[in-house]
Amino acid sequence: MAARGGVGVEADVAALRAQFAAGRTRGAEWRAAQLRGLLRMAAEAEAEVCRALHADLAKPYTESYVHEIALVKSSCRFALKNLKKWMKPQKVSASLMTFPSTAMVTAEPLGVVLVISAWNYPFSIAAGNAVVLKPSEVAPATSSLLAELLPQYVDSTCIKVVEGGVAETTALLEQKWDKIFYTGNGKIGRIVMASAAKHLTPVVLELGGKCPVVVDSNVDLHVTAKRIAAGKWGCNNGQACISPDFIITTKSFAPKLLEALGKVLEKFYGDEPLRSSDLSRIVNSNHFNRLKKLMDDENVSDKIVFGGQRDEHQLKIAPTIFMDVPLDSGIMKEEIFGPLLPIITVDKIHESFALINSMTKPLAAYLFTKDSKLQEQYEAGISAGGMLVNDTVVHLTNQYLPFGGVGESGIGAYHGSFSFEAFSHKKAVLVRGFAGEAAARYPPYSTAKLKILRGVLKGNLGSMIQAILGFPRGK
Amino acid sequence: MEEKPQNGGSFCLGGLVAGVREVHESGRTKEMEWRQAQIRGLIRMLTEEEDAVFDALHEDLGKHRVESFRDEVGNLVKSFRNTLQNLKKWADTPLISFPCNAMVVPEPIGVVLIFSCWNLPLGLALEPLSGALAAGNAVVLKPSELAPSTAAFLAANLPKYLDAKAVKIVQGGPEVGEGLMEHRWDKVLFTGNARVGRIIMTKAAKHLTPVALELGSKCPCIVDRINSKWECQVAVNRIVGAKWSTCAGQACIAIDYILVEEQFAPILIELLVSTLERFFTKPEYMARILNEKHFDRLANLLADHRVASSIVHGGGANRKTLTIEPTILLDPPLDSDIMTEEIFGPLLPIITVKKTEDCLAFLKPKPKPLAIYAFTKDEKLKQRIIAETSSGCVTFNDAIVQYGLDTVPFGGIGASGFGQYHGKYTFELFSHRKAVIKRSLWVEFMFRYPPWDEYRMRMLRRAFRFDYVSLVLGLLGLRQHDFKF
């Protein structure tokens, strides 16, 4: 579907709303069929998707598989497996106050949902919504591939792809949605939420942050270095919301850590990293220039201790490590979103807590240590969307854990059942019968009635029986 | 140390907000003992100061003490006890997967701002406050200035019974509310109308402050033909209670209007009138209208001559005493204000349909309400209502009581808002669910890392398929080929 302006978008949304109102997306069979379609698409179009990702980002095939294809597949499978369970109304206990009665909570689809730049749209479908997907325009080959493929595998009357840039996104945001799901940065996140406010639309915002990695000296150094490197440079070359952003370690341990990182990087990407096919490039020249500026800052450029090579023509920057850049430099104030890794040193490892807490809450906080006390203190003392000890990034794949930010890193959570919840309305249903009529509830009021109500609300069985038997009589 | 209640002034607000944030960051509000102490403090306050509460609610709204107990004080104490009983369980961290050691740790979200509304001025302030405290947060409460006696009560007493440094009350009008929203909060809960809800959310967007909005709506009540005389009476008791005995209809979950088969309407009206006469033997049994502005608003709804001519009972109004008689209307025009705006008062339109099932088509295009009520014994109809309508909740054969049930979520959808609370849902609303995974450093899979090759690709495919057998065989060098999935 080609990018269109305001009127086209309005008509699209109206059409989706009509389909939803007609009940098309609600049945389990429809939802399962769409999920199976997405699974087939991920399997059949794997090579094409990887090619598009390579065109957009020079992403290595394996990375694309792991981070995009496999995740979509496992999300779809997880949703399919759990669909019936998630859709089933949950019975809850009804209190004695409303005796006799039954109560339950049912999951209802919200309606028509807008998903901007997120790959976990399978769950919005599993929850029975009609969906408009707006893929990121920053990765144009992937975006147009999705627009071309999706209608071939799913019900395109209820699931649409709208491509485009700022103009199209603005047009989409002017429509009324039942929920908006946005992945991206805080600046646009604010615009999305302000637009949503006009229609009182709830939002889920998955934003960024500076994900810190605290490295203690009590670690297996080689494994630590590998896991940090894999999380930093093995994920779109640092261009991921949960990439490790910077390291904090002790002054005494820093040289050892740096050496280990250097060794690992050479093993991963060889001694000419700009020529390695395993390294993604920077997504576009805007971001390349932004990163170049961070690197070339006069207070920062002399702190490079590893790497620093770049090729403007290919839009590639090699893994680059800095030692002790000033805390007020650009590279320490904004989310890096690239292959630059500052190492900040402290005297004692606990000083890292104050530094992290002086920044806005990140999407993920990482810690490498074997010391269980330090682990406990980290968990209790640092707030982040999620925390991972002794590894980076992989918590993304756990379908049982909520994934989302807090504070500046976002609102709401998703993955697995949390996604299903994010895209559903929990409707309470209370069913009473006509028995159990309590005159004490109604006027004319009296002290006797007040006494009974006191007992009922306290859970006092005697009062409750009185209430059910209709005391006080005759009123 | 006695804390003076804070009023307006942007400078004061900045200091207040910073102070509360500092308390939260000190970690004090996270302690389980602290949280339990706050909840116990709330219970003690409502028990010891019960008479003062009844007086305040009577001054603000003319509520009879029995109504105040039933809807606010009693309900709150019950809810606080439920919170106290379950707090440890809610705060516990469930282990998700072993041996990877993955958990979800509920964390206090931080510093919370609660705006409450004037019609349940105690309940709508203290219910969310208790949950926010149970979740370990510091809280600023802005009670509605339109219920000034209750606001004053809260300002005077909350500091005595709770940790006055961590719980602050800010009094004032809309400018104070706007001033508060200039600051960043970790969560804001707003109960009120959609117009102000939009303003709150727009201001919140500047700081990426998450919000929950409990807004208004027209809650419809479907009344099916009921054959048993006694059951019919029970239904009417409950309808009368839900409309006129709850703040004279000034409640977001009050029955706004009725939908009934045209043949059954006369019987229903007769029963409503006789029940009203039996219940409201004295005028003090019904709350009064909040103020002249709302009185005029309601009087205007009846001013439309097409609406006035549809009145079948009541219609009397006294501006001096701010009272309006329980009023029933039969089929006012659907495009009149009384049928397009939320009534929030003691006027009850009855809209007739040919058959009860027609109600479903009637409701479909309407904005989603906070609650849909239906009095019926028809199981099929019940299923259709659940499946074919959308609302915050559905209650069959009663009304309003869902508000007091701690096990179900309370909140709206669409135009009636988003975000839910009550019971453990309040705890969750004001918590951040932090995912924590602990991995060991000694279990290591080489195929995770570049340089990439076919072998690593194969191993990764197996890992993602959870094909552990092939994975292990592959690692041991024993299985070379795969069927590609």
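Just so it is clear, the structure is predicted and the values come from calculations on it, not from any experiment.

Visitor: Looking at this structure, how should I read the overall build of chain B?
Guide: Scanning chain B from terminus to terminus reveals 18 helices and 19 strands. Taken along its principal axes, the extent of the C-alpha atoms in chain B is 90 × 60 × 40 Å. Each of the 485 residues in chain B was classed as buried or not, and the buried ones make up 62%. In chain B, the share of contacts with a sequence separation of at least 24, taken over all contacts with a separation of at least 6, comes to 70%. Across chain B, 59 positive and 56 negative side-chain charges occur, with their mean positions spaced 7 Å apart.

Visitor: Would you mind showing me how to read the interface of chain A and chain B here?
Guide: Accessible area lost during the coming together of the parts is what is often quoted as the interface size. Listed by partner, the interface residues are 104 residues for chain A and 106 residues for chain B. With both sides pooled, the region where chain A packs onto chain B buries about 8800 Å², and carbon together with sulfur makes up 63% of that total. Sorting the residues of chain A by area buried against chain B places A:Leu200, A:Phe434 and A:Tyr445 first, and these three jointly supply 11% of that buried surface. Counting across the interface, chain A meets chain B through six salt bridges. Put simply, A:Arg441 and B:Asp398 hold a salt bridge, and the shortest N to O gap is 2.9 Å. Connecting chain A to chain B are 38 residue pairs in polar contact (both at pLDDT 80 or more). Residue composition of the side of chain A that touches chain B, grouped by class: 54 nonpolar, 24 polar and 26 charged.

Visitor: Looking at this structure, I do not really get the nonpolar core. What am I missing?
Guide: For soluble globular proteins, the rule of thumb is that nonpolar side chains tend to be buried together. Ranked by internal contacts, the top residues of the largest apolar core, which has 169 residues, are B:Leu46, B:Leu126, B:Leu129, B:Leu158, B:Ile258 and B:Leu272. If sequence neighbours within four positions are ignored, B:Leu129 has contacts with B:Leu42, B:Ile114, B:Val139, B:Leu158, B:Leu162 and B:Val167. One finds A:Phe181, A:Phe253, A:Val283 and A:Leu388 within the second-largest nonpolar core, a separate group that totals 98 residues.

Visitor: Can you walk me through the sheet that holds strand 10 (residues 257-261) of chain B in this structure?
Guide: Note on sheets: strands pair through backbone hydrogen bonds, and any given pair is parallel or antiparallel. Spatial strand order, 1(A)-2(A)-18(A)-17(B)-16(B)-9(B)-10(B)-15(B)-14(B)-11(B): ten strands in an open sheet with mixed pairing. With one partner strand each, in any of the chains shown, strand 1 (90-92) of chain A together with strand 11 (311-313) of chain B form the two edges of the open sheet. Averaged over all pairs of adjacent strands, the angle between their axes in this sheet comes to 25°, without regard to strand direction. For strand 18 (residues 424-432) of chain A and strand 17 (residues 393-396) of chain B, the ladder comprises four bridges, and the chain directions are parallel. In the sheet register, A:Ala428 faces strand 17 of chain B, and the bridge partner there is B:Cys393.

Visitor: Even after reading the chapter, I still don't get the side chain of B:Thr83, so can you show me in this structure?
Guide: With respect to the helices and strands, B:Thr83 occurs in helix 4 (residues 65-91). Residue B:Thr83 is classed as buried on the basis of its relative accessible area, which comes to 4%.

Visitor: Hey, could you run me through the pairing of strand 14 (residues 327-330) of chain B in this one?
Guide: Both faces of the sheet carry side chains from a regular strand, because those side chains alternate between them. All names here are of chain B. Pairing of strand 11 with strand 14, which is carried by two bridges, proceeds in the antiparallel orientation. Its bridge partner being in strand 14, His313 is matched across the sheet by Ile328. Note: strand 14 against strand 15 (residues 347-353), four bridges, orientation parallel. Across the sheet, the residue bridging to Thr327 is Leu347, located in strand 15.

Visitor: Would you mind going over the sheet that holds strand 3 (residues 112-116) of chain A with me for this structure?
Guide: Read from one edge of the open sheet, six strands run 5-4-3-6-7-17 (chain A), paired in mixed fashion. Both outer strands of the open sheet, strand 5 (159-161) and strand 17 (410-411) of chain A, are each paired with one neighbouring strand and no more.

Visitor: Any chance you could explain the UniProt feature "active site" (unreviewed entry) in chain B here in plain terms?
Guide: Residues and elements named next belong to chain B. UniProt feature "active site" (unreviewed entry): in the numbering of this structure it lies at Glu214 and Cys252. Spanning 39 residues, the named residues form one tight spatial group whose C-alpha atoms are at most 8.9 Å apart. Mapped onto the elements of the fold, Glu214 is located in strand 8 (residues 211-214). Other than its neighbours up to four places away in sequence, Glu214 contacts Leu189, Phe190, Thr191, Gly192, Phe410, Gly411, Gly412, Ser416, Gly419, Gln420 and Tyr421.

Visitor: Can you walk me through the packing of aromatic side chains in this structure?
Guide: The geometry of an aromatic ring pair comes down to the distance between the two centres and the angle between the two planes. Residues and elements named next belong to chain A. Within this structure, the stated rule accounts for 17 aromatic pairs over all chains. Ring centres of Phe78 and Tyr400 lie 5.1 Å apart, and the angle between their planes is 85°; this geometry places the pair in the edge-to-face category. Of the two residues, Phe78 is situated in helix 4 (residues 61-87) and Tyr400 in the loop between strand 16 (386-389) and strand 17; the sequence distance between them amounts to 322 residues. A residue is classified by how much of its surface remains accessible, and Phe78, at 10% relative accessible area, is buried.

Visitor: I'm lost on the domain arrangement of chain A in this one. Help?
Guide: Segmenting chain A into domains produces domain 1 (6-207 + 415-426), domain 2 (212-402) and domain 3 (441-469). With centres defined by C-alpha atoms, the gap from domain 1 of chain A to domain 3 of chain A works out at 49 Å.

Basis of the calculations
Here the residue numbers are simple positions, counted from 1 along each chain's written sequence. For naming, the first written chain is A and the first written ligand is 1, with later ones following in the order written. In keeping with the predicted nature of the model, local features appear solely for residues at pLDDT of at least 70, side-chain atom pairs appear and are counted solely at 80 or more, and the whole-chain, interface and lining totals rest on all residues. To get the side-chain values, take all heavy atoms of the structure and skip hydrogens and water. Each helix corresponds to a stretch of at least 4 residues labelled H or I by DSSP, and each strand to a stretch of at least 2 residues labelled E; elements are numbered beginning at the N terminus. Only protein chains enter the accessibility calculation, which uses a 1.4 Å probe. A residue is then buried if its area is under 20% of the maximum for its type, exposed if over 50%, and partly exposed in between. Contacts are residue-level and defined by heavy atoms, with any inter-residue pair within 4.5 Å sufficient. Neither His nor the chain ends contribute to the count of charged residues, in which Lys and Arg are positive and Asp and Glu negative. In this description, the location of a charge corresponds to atom NZ of lysine, CZ of arginine, CG of aspartate or CD of glutamate. Summed over both partners, buried area is the accessible surface (1.4 Å probe) that two parts give up on being assembled. For this analysis, a salt bridge means a side-chain nitrogen from Lys or Arg found within 4 Å of a carboxyl oxygen belonging to Asp or Glu. Residues adjacent in sequence count toward polar contacts only when both atoms are side-chain atoms; beyond that, a polar contact is any pair of N or O atoms within 3.5 Å, and within protein one must be able to donate a hydrogen and the other to accept it. Under the scheme applied here, ten amino acids are nonpolar (Ala, Val, Leu, Ile, Met, Phe, Trp, Tyr, Cys and Pro), four are charged (Asp, Glu, Lys and Arg), and all others, including Gly, are polar. Among buried residues, the Ala, Val, Leu, Ile, Met, Phe, Trp, Tyr and Cys ones that are joined through side-chain atoms within 4.5 Å form a nonpolar core. Strands were regarded as paired on the criterion that DSSP finds at least two bridges between them. In this analysis an axis means a line fitted to C-alpha atoms, helices contributing only their contacting stretch, and an angle means the value between N-to-C directions, from 0 to 180 degrees. UniProt positions are given in the numbering used here, feature names are shortened, and annotations may be inferred rather than shown by experiment. Stacked, tilted and edge-to-face pairs are distinguished by plane angle, under 30 degrees for stacked and over 60 for edge-to-face with tilted covering the rest, among Phe, Tyr and Trp rings (Trp via its six-membered ring) whose centres lie within 6.5 Å. Boundaries of every domain are those given by an automatic assignment or by a domain database.

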